[in-house]
Amino acid sequence: MTDQEFKKPSGTRDIFDREGDYFQKIEDTSRRIAGEYNFKTIRTPILEEKRLFVRSVGERTDIVQKEMYELTTKGGDELVLRPEGTAPIVRSYIENDLYKKPQPVKFYYFGPFFRYERPQKGRYRQFHQFGLEILGKKSPALDGQLILIFWKIFKSLQIETSVKINNLGCEGCRREYVEDLKKALKPHKESLCKNCKERFDKNTLRILDCKEEKCREVIETMPQIVDYLCKACKKNFKRVLEFLNKMELPYELDPFLVRGLDYYNNTTFEFFAEGWGFALGGGGRYDGLVEALGGRKTPACGGAVGVERTVEVMKDKNIEVKNKPKKVFLAQLGDSAKKKAFELFEEFRKEGIPVYESMGRDSLKSQMSRADKLGAEYTLILGRQECIKNQIIIREMKSGKQETVSLDEVVEEIKKRI
Ligand code: AMP
């Protein structure tokens, strides 16, 4: 590296070349699939009021307590660089009266987010997420559809994922569960990590999210929230799982999956790729959030995928993302064929199909060897006989298979194959 004066801030990255290709592939794939499910794009500001995240993500979460990039404007407004995508979309839903539209409203987004975390592999201070949100309707099929779409996106990117799923219940079941959890954790309090000791009184549920080995050992022995679900929550959970079964989507129940944000209730889920310790993405239902931010009572669910982590997995698996266009070579033999070849070349150009040629060469052998060197998938051969019959030969270079088609149809025929 050169000894240069300016460097990018710690935990941020320049994304270009191969990395850029992976980003583009993930963005294109996720936008395409979200569009197929009638999600519409939304872009909210990078800057939002700090209060928005304090109220939604939660005052006692790591994101709000330690990780937000905060600034005070010259006018005295307290703003932050958005640490996540759901709260801004809920803000936008309320501010733009989107409850007046036919419900549910379905949005997708793709963009940068900011968390002041300790940078390491798979963890950055500026990272990107692709997210989906469904607001205005409650149905287990919507939770299921959300999971299905993320799963399909990964599949389309050639990543096999498994889904971990849990149900956090409604406020009622959760209250009862947290009381019992606290009682069960109390005798183990001293063996928990420093963070969990601090979480014990006011943020008990978050202890279940701790990744420290000694805490995990305690957590495994704790009561499970599924045993505390009320009748309605149980029924809802069963129906989400039935949907996933019907879609033949592999999942695993994880009774301790709580996620790092406060606003979730009922379904929560996370995606994992085999052999990778960190989640590629996750989400869940947040039926209380619209109301908590000043809107009317509105059921909603959503989730987000980390783009950098998805790139890591794709790179590790050597997944090819550059769709190299197939090359076509045009060879000619004889004066009249050369003349026709020039015209045909123009026809291809007009259709936006790049065609390679070597008009300066006369022998077919040298033209074919040129086509070979270029790595052409197809060579079109226009000889004297073909010229007379208004035909042309399409040679598939790999197999050596040849077929003769009419000159008038060759452009369409090649279009189908490349
Ligand atoms: P969350 O918004 O915390 O639910 O995170 C959703 C996904 O975003 C995670 O599963 C990660 O893939 C990704 N993510 C979250 N934080 C970071 C980070 N600091 N760096 C890179 N990716 C992240």
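Residues numbered from 1 in each chain as written. Predicted model: local features only at pLDDT ≥ 70, side-chain atom pairs only at ≥ 80, totals over all residues. Heavy atoms only, no water.

Peer 1: Would you mind going over the overall build of the protein with me for this structure?
Peer 2: Across its full length, the protein carries 15 helices and 16 strands. Its C-alpha radius of gyration of 29 Å places the protein more than 25% over the 22 Å reference for a compact globule of 418 residues. Principal axes of the C-alpha set define a box for the protein whose edges measure 90 × 55 × 45 Å. Within the protein, the fraction of its 418 residues that count as buried is 49%. In the protein, the proportion of contacts linking residues at least 24 apart, taken out of those at least 6 apart, comes to 68%. Summed over all atoms, the accessible surface of the protein reaches about 22300 Å², with 47% contributed by carbon and sulfur. Side chains of the protein carry 78 positive and 66 negative charges; the gap between the two charge centres is 1 Å. (Helix = DSSP H or I, 4+ residues; strand = E, 2+ residues; numbered from the N terminus. Rg over C-alpha atoms; globule rule 2.2 N^0.38 Å. Buried < 20%, exposed > 50% of the residue type's maximum accessible area, 1.4 Å probe, protein only. Contact = heavy atoms within 4.5 Å. Areas by Shrake-Rupley, 256 points an atom, 1.4 Å probe, with all protein chains shown as cover. Lys, Arg positive; Asp, Glu negative; His and termini not counted. Charge placed at Lys NZ, Arg CZ, Asp CG, Glu CD.)

Peer 1: Looking at this model, I keep getting lost on the layout of surface pockets. Mind explaining?
Peer 2: Think of a ball as big as a water molecule: rolled over the atoms, this probe shows where empty space is left. Of the voids in this model, the second largest pocket is the one considered here, and its volume is about 900 Å³. What lines the second largest pocket is a set of 35 residues, among which Glu 171, Arg 174, Asp 262, Tyr 263 and Tyr 264 lie closest to the centre. Only helix 2 (50–56), helix 6 (171–185), helix 7 (194–202), strand 9 (265–273) and helix 10 (289–292) provide two or more residues apiece to the lining of the second largest pocket. For the lining of the second largest pocket, the element with the highest residue contribution is helix 6, accounting for five residues. Residues that form the lining of the second largest pocket fall into these classes: 11 nonpolar, eight polar and 16 charged. (1 Å grid on protein atoms, 1.4 Å probe; cavity = no way out; pocket = protein on both sides within 12 Å on 5 of 7 lines; lining within 4 Å. Points joined across faces, edges and corners; volume = space filled by probe spheres on them. Nonpolar A, V, L, I, M, F, W, Y, C, P; charged D, E, K, R; others polar.)

Peer 1: Got a minute to help me understand unusual backbone geometry in this structure?
Peer 2: Residues apart from glycine generally show negative phi values, whereas peptide bonds are mostly found in trans. Omega for the peptide link from Gln 103 to Pro 104 comes to 0°, which places this bond in the cis form. Among the secondary structure elements, Pro 104 is positioned in the loop between helix 4 (86–95) and strand 5 (105–114). Phi is positive for Asp 97, which is not a glycine, with a value near 50°. Along the chain, Asp 97 turns up in the loop between helix 4 and strand 5. With a phi angle near 55°, Asn 390 is a residue other than glycine that sits in the positive phi range. Checked against the element boundaries, Asn 390 lands in the loop between helix 14 (384–389) and strand 15 (391–396). Judged by relative accessible area, Asn 390 falls into the partly exposed class, the value being 28%.

Peer 1: Can you help me understand the sheet that holds strand 3 (residues 70–72) in this one?
Peer 2: Strand pairing in a sheet takes place through backbone hydrogen bonds and is either antiparallel or parallel in direction. Within the open sheet, the three strands sit side by side as 2-4-3. Their pairing is antiparallel. The open sheet terminates on both sides in strands that have one partner only, identified here as strand 2 (47–49) and strand 3. Each adjacent strand pair in this sheet contributes to an overall mean axis angle of 40°, direction not counted. Two elements, strand 3 and strand 4 (residues 78–81), share three bridges in a ladder whose sense is antiparallel. Of the residues in strand 4, the one forming a bridge with Leu 71 is Leu 79. (Pairing = 2+ DSSP bridges. Axes fitted to C-alpha atoms, helices over the stretch in contact; angles between N-to-C directions.)

Peer 1: What exactly am I supposed to notice about the packing of helix 5 (residues 140–156) against helix 9 (residues 231–246) here?
Peer 2: When two helices pack together, their arrangement is given by the angle between the helix axes and the distance between those axes. Two elements in contact, helix 5 and helix 9, have axes whose closest approach is 8 Å; the angle formed by their N-to-C orientations is 45°. Here helix 5 is positioned oblique relative to helix 9, judged by the angle of their axes. Judged by the twist between their axes, the crossing of helix 5 over helix 9 is right-handed. Together, Pro 140, Ala 141, Asp 143, Gly 144, Gln 145 and Ile 147 of helix 5 and Asn 236, Arg 239, Val 240, Phe 243 and Leu 244 of helix 9 make up the contact between the two elements. When its residues are assigned to classes, the contact of helix 5 with helix 9 shows six nonpolar, three polar and two charged. (Parallel < 35°, antiparallel > 145°, perpendicular 65-115°, else oblique. Left-handed = near helix turned anticlockwise from the far one by under 90°.)

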